[in-house]
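# Report on the structure
So you can see what is in the structure, the chains are spelled out below.
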Amino acid sequence: MTAMSKGANAPVPTADLRAEISWATGAGVPDVDVSALLVDGSGKVRSDADFVFYNQPVHASGAVRHEGKRAAGPTATDTVRVVLGAVEPGVDRIVVGASADGGTFGQVPGLALRVLDAGGATELLRFDIDSARTETAFVFGEFYRRGADWKFRAVGQGYASGLAGLATDYGIAIDADPAAPVAAPAPAPAATPMRPQPAQSVPPAGFGPPPVSAPPAAAPAAAGPPVYTPAPTADPGYGAPGTAPAAPAIFGGGGHVQPGLAGLPPIEPAPPAPAVFGAGGQQAPLPGQGYPQAGYPQQGYGEQGYGPQAGYGYAPGAAPAAPAAPPAGAPAVFGGAPVQPGYGPADPGPGPQGQPPPPSWPSAPTRIDLPAPAPASAPGSVSLKKQQLFSMEKDLADRGDRALLDLTKKAGVSLEKRGLGEHTARVALCLDISGSMHGLYRSGKVQALVERVLALGLRFDDNGEVDVFLFGNQGHVAGSVGARSYAGWVGQLLRQYPLEGGTDYAGAMRLIREQYFGHSGPRNAPVQDRQPVYVMFVTDGHTTSEQLTRAQVAASSYEPIFWQFMGIGRSSRSVDAPQQSAPPSPPQGGGRGLFGGLSRALAGGWGDGTFRFLEELDDLPGRYVDNADFFAVQDPQNVSDEQLFELMMNEYPSWLQQARSRGLLPPA
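Please read these numbers as outputs of a predicted model, since none were measured by experiment. (Residues numbered from 1 in each chain as written. Predicted model: local features only at pLDDT ≥ 70, side-chain atom pairs only at ≥ 80, totals over all residues. Heavy atoms only, no water.)

Another point: the pairing of strand β12 (residues 149–159). Of all 11 residues making up β12, 10 are buried, and the element is well covered by its neighbours. Inspection of the sheet shows strand β2 (residues 9–12) paired to β12 by four bridges, in the antiparallel sense. Paired with Pro 11 across the two strands is Lys 151, which belongs to β12. When strand β11 (residues 137–146) meets β12, the two strands line up antiparallel, connected through nine bridges. Bridge pairing links Tyr 144 to Lys 151 in β12. Two successive antiparallel strands, β11 and β12, enclose a turn made up of two residues, where Gly 147 displays a positive phi of approximately 65°. (Buried < 20%, exposed > 50% of the residue type's maximum accessible area, 1.4 Å probe, protein only. Helix = DSSP H or I, 4+ residues; strand = E, 2+ residues; numbered from the N terminus. Pairing = 2+ DSSP bridges.)

Let's shift gears to the packing of aromatic side chains. Both the distance between ring centres and the angle between the ring planes are used here to describe each pair of aromatic rings. Across all of its chains, the model carries 23 aromatic pairs by this definition. Ring geometry for Phe 611 and Phe 630: centres 6.0 Å apart, planes at 50°, overall tilted. Of the two residues, Phe 611 is situated in the loop between α9 (593–608) and α10 (612–618) and Phe 630 in strand β24 (residues 628–633); the sequence distance between them amounts to 19 residues. Just above the ring of Tyr 144 sits the side chain of Arg 153; from NZ or CZ to the centre is 4.1 Å. In this arrangement the basic side chain of Arg 662 is found over the ring face of Tyr 624, its NZ or CZ atom lying 4.2 Å from the centre. (Phe/Tyr/Trp six-rings, centres within 6.5 Å; stacked < 30°, edge-to-face > 60°. Lys NZ or Arg CZ within 6 Å of the ring centre and 35° of its normal.)

Bringing the nonpolar core into the picture now. The biggest cluster of nonpolar side chains holds 60 residues, and the ones touching the most others in it are Leu 404, Phe 460, Tyr 534, Met 536, Met 566 and Tyr 652. In terms of residues, this core owes the most to one element, helix α5 (residues 445–460), which gives nine residues. With residues up to four places along the chain from it excluded, the contact list for Met 536 reads Ala 428, Leu 429, Cys 430, Val 453, Gln 564, Met 566, Phe 631 and Met 648. Ile 21, Leu 38, Ala 76 and Leu 125 belong to the second largest nonpolar core, which has 40 residues in total. (Core = buried A, V, L, I, M, F, W, Y, C linked by side-chain atoms within 4.5 Å. Contact = heavy atoms within 4.5 Å.)

Strand order in the open sheet formed by six strands is β21-β20-β19-β22-β23-β24, and the pairing between neighbours is mixed. Two strands in the sheet have a free side with no partner beyond their single neighbour: β21 (475–482) and β24. Neighbour-to-neighbour, the strand axes of the sheet open up by a mean angle of 20°, direction not taken into account. Strand direction decides the pairing type here: strand β19 (residues 426–432) and strand β20 (residues 465–471), joined by five bridges, are parallel. (Axes fitted to C-alpha atoms, helices over the stretch in contact; angles between N-to-C directions.)

From the geometry alone we can't say anything about function, so treat these as descriptive.
Here's what the structure looks like:
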């Protein structure tokens, strides 16, 4: 048995399992009703059928079943059975939550979640919940995909706004209570557990006054259960995240498979990516492409909300205002400017002849008639993304990690300025491990850069992880780095992956596309996904695979992935380059022979820029959208944290607009 703390995760077998919530019963102890939500890569249910509870006890796929309550002396249990091998491909996570009927979870003693084997005899994982206070709904944990495998994460996220607040965060639209027939005023009765008829699909107890049918005038209003009602005209909601699955360390064209980071100290892992890849069938791969993928163990955390902090756009208790409906017949508006239907300001317009039109997106979330959520000033009303950010900052503060906390706040300032304070994206770091990088690794400059990229990843990626890829003679998948594993991480990495002789950009790019989109070959049609992928690609030199790299950038322009190239070295394009009126003279002496010619070439390259190819990729023609940006620094330590975050966000916001307008991502 493994005891888990909030935010911890652990692998589970792809098998028949049981998630059991247990608590101590007694006088005045609220009843607990367990439920499960099956969510896709956007973190939302696909329909009301993905909500499993005591009155809708079996999912259509048969993968999730509510098995009901049992009492054994002073202990009660409520159990959800999960058959992970039967979960549909479109489901990325199974969220296990509950509501408290007749009180708060702070009044429920002995609260715990256990993951058991099929027979219930063996306890695999245990998560004791001792942080509940005023919450009336709780997310205890979640099963999530990690490549071809499954993991379980202890979440421990409470909602003082009740099950309505929890349901809203997972894509279930809430209607206010219907008006009841006029009757003589009477004191509200105490809440009692109710069990509607099994033939109806209704939410669990604790949702407040249910809808009623008109009774005889002399009789009091009869309580009936809340009822699901679809709302096909509502706008879709897109929220918390799916994230990227990790893959094994698989390398370039020779098909060599590396065992990964098994020999390293734990490198904290990351949760799941959407299970649906690509559009259409399998396409022909580029030469030397196509890598099998599998899961890497990952560490993430989803914790209870942490109080808002001033200066970062998180006003305590604030909730975003609903946008005003435009007048009838008004033109579509993007960013405040009227535009023609189908084209935003960043939309380059129709693609080249023969390119497919942008794909369409669904237009309505699931709707359920429930009590209205708590007002914006009530506890628990902040968005799930804000709660995750507060939780991340609280975790860093509680562990005394002021350095990383300060970096995340600096990253937050840059993101807030661009309207990305609550943006979610999967984040990857792609590092050059060619021999010329030796000095940067030895001096600690790469470690410092990893920490700065991690700070961005902690704000973007809900799983608190940055997936890492490497390239030298070939590409490598190197697991992930997180807030609990980054200290000394580069030293551990190099013990597993010594520096190599080549610089194969394309080998790493193939692996990145394989991991996030299940494909690394050519594309000529856009691929839809709920979350973008932001790749920080760091190198100090030219690639040995120019043509294949061009093909990778062009093909990936049909996918929601953005390449931020960063060159480290002597270049006239470096943001910290010394000002010069003329290129420097070649070094004196050694002017003859091979070495002398090489010295002159390197010296001459200072004025022309040593990152000509990356500059070319930045402006590569023939792409579906402009999916790359480039900047260079002579020395990463010459650039302040604030300046680096500004450089990293230089073109990403405009790419997001293009990706949304061209159908790669859902509308904002």
